[in-house]
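# A closer look at the structure
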Amino acid sequence: MDAAITESEAMVDVHRGSLRVYLGAAPGVGKTYAMLSEGHRRHERGNDIVIGFVETHGRTPIEALLDGLEVVTRRTGTANGIESGEMDVEAVIARAPSVALIDELAHTNVPGSRNFKRWQDIEEILAAGIDVVTTMNVQHLESLNDVVESITGIPQQETVPDAVVRRADQIELVDMSPEALRRRLAHGNVYSAEKIDAALTNYFRLGNLNALRELALLWVADRVDDALEKYRIEHDIDSPWPARERVLVALTGGPEGDALIRRGARIAQRAQGGQLLALHVSRSDGMADALPTTLAHQRALVESLSGTWHTVVGDDITSAILTFARGINASQIVLGASRRSRLSAAISPGVGREVVRDCGDIDVHIVTHEHAGRGRRRPPARGPPSRARLTAGWALAVAGPPLLGAVLYFHQGQQGLPNVLMLFLALTVGIALVGGLWPAIFAASASGLLANYWFTDPLHTWAINEPANVLAIIVLVSVAAAVSAVVDLAARRSRQAAHARTEADTLATLAGSVLQSDNAASALLEQVREMFNFSSAALLEHLASGSWAPHGHAGSNPPQSPEEADTTIPVGTGMVLALRGRPISAQDLRIATAMASQTGALIERDRLRAESRNNRQERERTAIRASLLAAVSHDLRTPLAGVKASVSSLRSDLYELTPADQADLLAGIEESADQLKALIDNLLDMSRLDAGAVVPRLAPVALDEVVPRALSAIPAGRVVIDVPETLPLVNADAGLLERAVANVVENAVRHAPDAEPVLVAAGYAGTSLVLRVADRGPGVPENKREDMFHAFQRLGDAPDGHGLGLGLAVARGFTEANGGTLDAEDTPGGGLTMVFNLKIVAEEWP
C-alpha cells in the first residue's frame, strides 16, 4: 500500500507528456506511415523513441519503417476465442522513453485489459510524462459518428470523445485525394487482394471518400479557424465608410425570412462588390417571436449566399434597424410585408411604415409574401411597467372599483354578494397585470370598502351587521392583494427568465464570433460595439508611465483614455474596456462585463499565438541559415577546390603536361565554374523569391521555343522532347519559365538511369497547357513530395544527399509567379513526373 502511494505521488510530480494526432479521412491515407516517419526523424535527432503499438496489416512500406526503432513487446489477450496482441501499458511506462508511437487511438482493447479503450491507455502514458504520437480516422470522432453512418451506411463501433482529440497539442491532417486513395487500394497497398473489390464498391466509393474528406477538413479547420480575420481583410472592415452597395435584410425569424434573404441576395448581386447583411433585433426583455432553430436555419442560408449575420439588442425595433443600417452605411433595406391583421395595422403603423418614414436617403424594399396579413400581432413587451402603463394602472385603480360598483348596484341591488366580490377580484387582477402591484393593492382596498358600502347591511353605511359579511370583505381584500402580489411576482420572474435567456443568447453569439478569430480583442470590440449600438469601443492598457495605450479598437473616434469613455469595465489587471456613444443599461452592462471577464484569456491566447508564429519563423530562419552555411561549406568549396587544383597543375613546373592533360584540366575548370554559376544563380533566385522581388513580365510565349532553350545545357541523348509546334501560346515570362523548366529537367536527369532518357512532353488539359517531365528514377514517396519544393531540402533535388536543394524550390516559385502550378506525381511503371500547369492566352482558346 505504501509503495502504491509513493508511486502515485511520484506520478503527480511528472510533467504531462504532449500528444500529437495524425488524423485521416479514411484508412490507407498514410497516417501510420507519417507517424513512423516522424519517429525516425526524432530518432535521428537523438530522441528516445519506442513503438508502443503499430499494426502493419501486412503492408510492406510500414513493416520497413519498423526497422531501426525499438518495439515494446506486446502482451497477449483473448477476444472471442482469438488470441491477439495488445499494447503493454505498464511496459511502456516502465521503459520511460521520451516519445511513444501508438497506432489506432480509437481501438477497443480485449476484455481483461487495463483499460477499455486505447485512448485511456494513452492518457495514462501521457500522465507519466511520455510524449505520444498516435493516429485515428475522422469517422471515429464521437460527434461525427452518426454523420459518418448516414454517409457510408456503416455504423462505427469504436469512437473517441472529441474532447480527447481537441486536447492534443498537435493535430496534423494526413490528406489524400479520393482518386489517389482508390488507386492505392486497387494496387493492393491498403487491403489484401480478396478485400479490394468489396472495399471499392462499398466503403471506398468516391462519394463516401469525398464526404469523409470534407468532414476531416472541416473538423480540423474548426480548431484553427481564421475565417473572421480573413473576412475582415477581404471586405476592408478597417475602413469606417466603405463605398460599396450594401443590402440589409431585416429579419424577425418568421416564415417569410427565406424569401427576404434570397431577394436581398439578388439585389446585392446586381452591383459589383455588393454585400448582403442580415439583421435580427433581439429584444432586451427576452421576448423573441422566433424559434432558435428558425434563426439558425436563416443564418445558414445567409452565409451560404456569401452574406453575414448580425444581431443587435433593442426594444425599439425601428430605431435598432435604422441605427445599424446607418452604422454600416447600408444603401438599401429589405423588409417583409407585415403579417399583422388590418385591425392591428390600423391601431399602430408597424415597423415597415416606421422604417419607410424615418429611413432618409436609404432605399427601402417592402417584399410581399404569402404570410402577409394573416392576423399575427407583435407580442407585447414584458419589460418593467412603463410610465404609460403605471398611469393607466392607477387610473383603473381609482376609477374602476366605483364604476363597477355602480353598475352592479343598479343592476343587482342587494343580491348576489359572492358574485359581486368575484367581479371585484377579477378587476383587481386585471389592474395588477396593467399597472403592477401597488395599483392593484389600492384597487383591492377600494373594492372592499365599496362592497361594504353598497352590498352589505346596513346599506350606505360603513358598518356591517353580519359577521359572515365581515369575513367575506376581509377575504376579498386579502385574496385580491395576494393574487396581485403573485401576478406581479410571476411577471417579474418571467422578465428575469427572459432577460437571462437574452443574455445567454447574446453571450453565445458573441463568443461564437470571438473564439473563432485569431484577433480576439478586435473581434470582441467589434461585436460589442455592433450589438449594443456604441459608436466606438477600445481596449486600453495602463502603462508603467501612467498613460494609456490602445490594445485594440472598433468604430470611429475611439476613446484614448477611460476619462473619454461613457462607460469603462475592468478587464483583468491594468486593462479596461472603454465604451463610447450612449449610456449603457444595467442589463447591457452585465453582458459586457461577462464578455470583458473572458478577454484576458483571449488576449493571452493572441499573445501566445504571436509568440508561436515568431518562434516558428525564427526556427525557419535558423534552419535556413544552418543549411546555407552547410551548403557553402561543401557545395561552394568543392568546385572551388577543383578549380584551384586544376589551375595549380597547369602552372606547375614539376610535371610536363600533355595537350590532352591540359585539355582535361581546362574542362574540369569549366565544369566547376558552371557548377558555381548554377549554384549562385539559384541562391540569388531564392533570395529574390523570399524578398518578393520577382515581378514577371507576362506575354504570349511559345512553349516549343522555351523548352529547347531550357535544355541547351543537358547532354545529348538524355532528354526526349515531345512539344508540338501547334500548341497554343501560354501567358508567361519566358525567362522565368525557362529557368523553371531547366531546373526541373536537370533534377530529373540527375536521378534518371543513363539508359532511360527523361521525357519532356506537352499537351492540353482543359483551358490549361500541361508540360510533363517524366523520369524513370527511384521516385519519391507521396508523403514526402511537398518537401522537395522547400528551400534547402535535398530529397529528390540532389544525389547522395549533396546540393543546396534549391532547384525545385526556385522552379515552383517561378512557375507560381507565372500564374501556374508545379506538382509531382508517379510515373506509370516507376519514377517521378513533374507537372507544369500553365495558363493559355485567352485569344488562343476558342
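Structure's up top.
### With respect to the overall build of the protein chain
A tally of helices and strands in the protein chain yields 27 helices and 24 strands. Of all intrachain contacts in the protein chain linking residues separated by at least 6 positions in sequence, the fraction that spans at least 24 positions is 69%. Of the roughly 43200 Å² that the protein chain leaves accessible, carbon and sulfur atoms contribute 56%.

### Notes on the sheet that holds strand E23 (residues 821-826)
By definition, the strands of a sheet pair up through backbone hydrogen bonds, in either a parallel or an antiparallel sense. Strand order in the open sheet formed by five strands is E19-E21-E22-E24-E23, and the pairing between neighbours is mixed. Each edge of the open sheet carries a strand with a single partner, namely strand E19 (719-722) and E23. Across the sheet, the mean angle from the axis of one strand to that of its neighbour is 20°, orientation sign disregarded. Here strand E22 (residues 768-774) pairs with strand E24 (residues 832-839) via seven bridges, running antiparallel. Across the sheet, the residue bridging to Arg772 is Val835, located in E24. Taken strand by strand, helix H24 (residues 703-710) contacts E19, strand E21 (758-765), E22 and E24, and its axis lies near 25° from that of E22.

### A look at the sheet that holds strand E11 (residues 308-313)
One open sheet holds the five strands; their spatial order is E11-E10-E9-E12-E13, and the pairing between them is parallel. Each having just a single partner strand, E11 and strand E13 (363-367) make up the two edges of the open sheet. Neighbour-to-neighbour, the strand axes of the sheet open up by a mean angle of 25°, direction not taken into account. Along the sheet, helix H12 (residues 257-269) contacts strand E9 (246-251), strand E10 (275-282), strand E12 (332-336) and E13; its crossing angle with E9, the most-contacted strand, is approximately 175°. Those strands touched by helix H16 (residues 351-358) are E12 and E13, and its axis lies near 160° from that of E13.

### A word on the environment of Arg262
For Arg262, the location among the structural elements is in helix H12. Between the alpha carbons of Arg262 and Leu301 there is a distance of 8.6 Å; along the sequence they are 39 residues apart.

### Quick look at the packing of helix H14 (residues 317-327) against H16
Remark: H14 packs on H16, axes separated minimally by 9 Å, with the N-to-C direction vectors making an angle of 45°. By the criterion of interaxial angle, the relationship of H14 to H16 is oblique. Crossing angle aside, the handedness with which H14 passes H16 is right-handed. Residues Ile317, Thr318, Ile321, Leu322 and Arg326 of H14 touch H16, and the partners they reach there are Val351, Glu354, Val355 and Asp358.

### Let's talk about a nonpolar patch on the surface
Together, Leu390, Trp394, Val398, Trp438 and Phe442 give the surface a local cluster of nonpolar side chains, amounting to about 530 Å² of exposed area. Every element with two or more residues in the nonpolar patch is listed here: helix H17 (387-412) and helix H19 (437-455). Top element by residues in the nonpolar patch is H17. It accounts for three residues. With respect to the helices and strands, Phe442 occurs in helix H19.

### Some thoughts on H24
For an α-helix, 3.6 residues make a turn, and residues three or four places apart therefore share a direction. Of the residues making up H24, those classed as buried are Leu703, Val706, Val707 and Ala710. Looking straight down H24, one finds its buried side chains confined to an arc of 95°; they lie on one side. Taken together, the buried residues of H24 touch strand E18 (699-701), E19, helix H25 (734-751), E21, E22 and E24.

### Brief notes about the packing of aromatic side chains
For the structure shown, the criterion picks out one aromatic pair. The ring of Phe53 has Arg118 lying over it, and the distance from NZ or CZ to the ring centre is 3.9 Å.

### A look at unusual backbone geometry
If you check the backbone angles, Ala96 has positive phi at about 55° while not being a glycine. Relative to the helices and strands, Ala96 resides in the loop between helix H4 (89-95) and strand E6 (99-102). A positive phi angle is found at Glu104, which is not glycine, with a value near 60°.

### Digging into the pattern of salt bridges
For the structure shown, the criterion picks out 23 salt bridges. In this structure, the salt-bridge partner of Glu86 is Arg118, at a minimum N-O distance of 3.2 Å. In this pair, Glu86 sits in strand E5 (residues 82-86) while Arg118 sits in helix H5 (residues 118-127), placing the two residues 32 residues apart along the sequence. The residue Arg772 makes a salt bridge to Glu825 at a minimum N-O spacing of 2.5 Å. Taken as a pair, Arg772 in strand E22 and Glu825 in strand E23 lie far apart in primary sequence, 53 residues in all. Among the ionic contacts, a cluster of salt bridges with common partners joins Arg20, Glu38, Arg41, Arg42 and Glu172.

### Points about the pairing of E12
Among the five residues of E12, four are classified as buried, and the element is accordingly described as predominantly covered. When E9 meets E12, the two strands line up parallel, connected through three bridges. If you follow Val249 over to E12, its bridge partner there is Val334.

### Focus on the packing of H24 against H25
Taken N-terminus to C-terminus, the directions of H24 and H25 make an angle of 50°; their axes are 8 Å apart at the nearest point. Our classification of the angle between H24 and H25 gives oblique. H24 and H25 meet at a crossing whose hand is right-handed. The residues of H25 that touch H24, namely those facing Leu703, Val706, Arg709 and Ala710, are Ala734, Leu737, Glu738, Val741 and Ala742. By residue class, the composition of the contact of H24 with H25 is seven nonpolar, no polar and two charged.

### Describing the pairing of strand E15 (residues 548-555)
One ladder, built from seven bridges, connects strand E14 (residues 536-542) with E15; its direction is antiparallel. Within the sheet, the bridge partner assigned to Glu541 lies in E15 and is Ala549. Adjacent in sequence and paired antiparallel, E14 and E15 are bridged by five residues, among which Gly546 carries a positive phi angle near 100°.

### Considerations on the environment of Val745
Among the secondary structure elements, Val745 is positioned in helix H25. Taking relative accessible area as the criterion, Val745 reaches 0% and is therefore assigned buried. Sequence spacing of Val745 and Ile714 is 31 residues, and the spatial spacing of their C-alpha atoms is 8.3 Å. Other than its neighbours up to four places away in sequence, Val745 contacts Leu711, Ile714, Val719, Val760 and Val773.

Definitions and limits used
- Here the residue numbering is sequential within each chain, running from 1 through the sequence in written order.
- It should be noted that, the model being predicted, local features are given only for residues of pLDDT at least 70 and side-chain atom pairs only at 80 or more, the latter also being counted only at that level, while totals for whole chains, interfaces and linings use all residues.
- To get the side-chain values, take all heavy atoms of the structure and skip hydrogens and water.
- The secondary structure listing takes helices from DSSP runs of H or I that are at least 4 residues long and strands from runs of E that are at least 2 residues long, numbered from the N terminus.
- Residues count as neighbours in contact if any of their non-hydrogen atoms are within 4.5 Å of one another.
- Note on areas: these come from Shrake-Rupley sampling with a 1.4 Å probe, and a residue is covered only by the protein chains present in the view.
- Being paired, for any two strands, means DSSP has found at least two bridges between them.
- Axis definition: a line fit to C-alpha positions, over the contact stretch in the case of helices; interaxial angles, taken between N-to-C directions, run 0 to 180 degrees.
- Angles are sorted into four bins: roughly parallel if under 35 degrees, roughly antiparallel if over 145, roughly perpendicular if 65 to 115, and oblique for all others.
- Crossings are sorted by hand: turned counterclockwise from the far helix by less than a right angle, the near helix makes the crossing left-handed, and turned clockwise it makes it right-handed.
- What goes into a patch is any residue over 30% in relative accessible area without a salt bridge, connected to like charges within 9 Å or, for nonpolar side chains (Val, Leu, Ile, Met, Phe, Trp, Tyr), within 5 Å.
- Think of a salt bridge as a Lys or Arg side-chain nitrogen and an Asp or Glu carboxyl oxygen that are within 4 Å of each other.
- When a residue's accessible area, from a 1.4 Å probe over protein chains only, is under 20% of the maximum for its type it is buried; when over 50% it is exposed; and in between it is partly exposed.
- This arc is built from the directions going out from the helix axis to the C-beta atoms.
- Aromatic pairs are defined between Phe, Tyr and Trp rings, using the six-membered ring for Trp, whenever the two ring centres lie within 6.5 Å; interplanar angles under 30 degrees are classed as stacked, those over 60 as edge-to-face, and all others as tilted.
- As a reminder, the over-ring test applies to NZ of lysine and CZ of arginine, requiring each to be within 6 Å of the ring centre and within 35 degrees of the ring normal.
- Each residue is assigned to one class: nonpolar for Ala, Val, Leu, Ile, Met, Phe, Trp, Tyr, Cys and Pro, charged for Asp, Glu, Lys and Arg, and polar for all the others, Gly among them.

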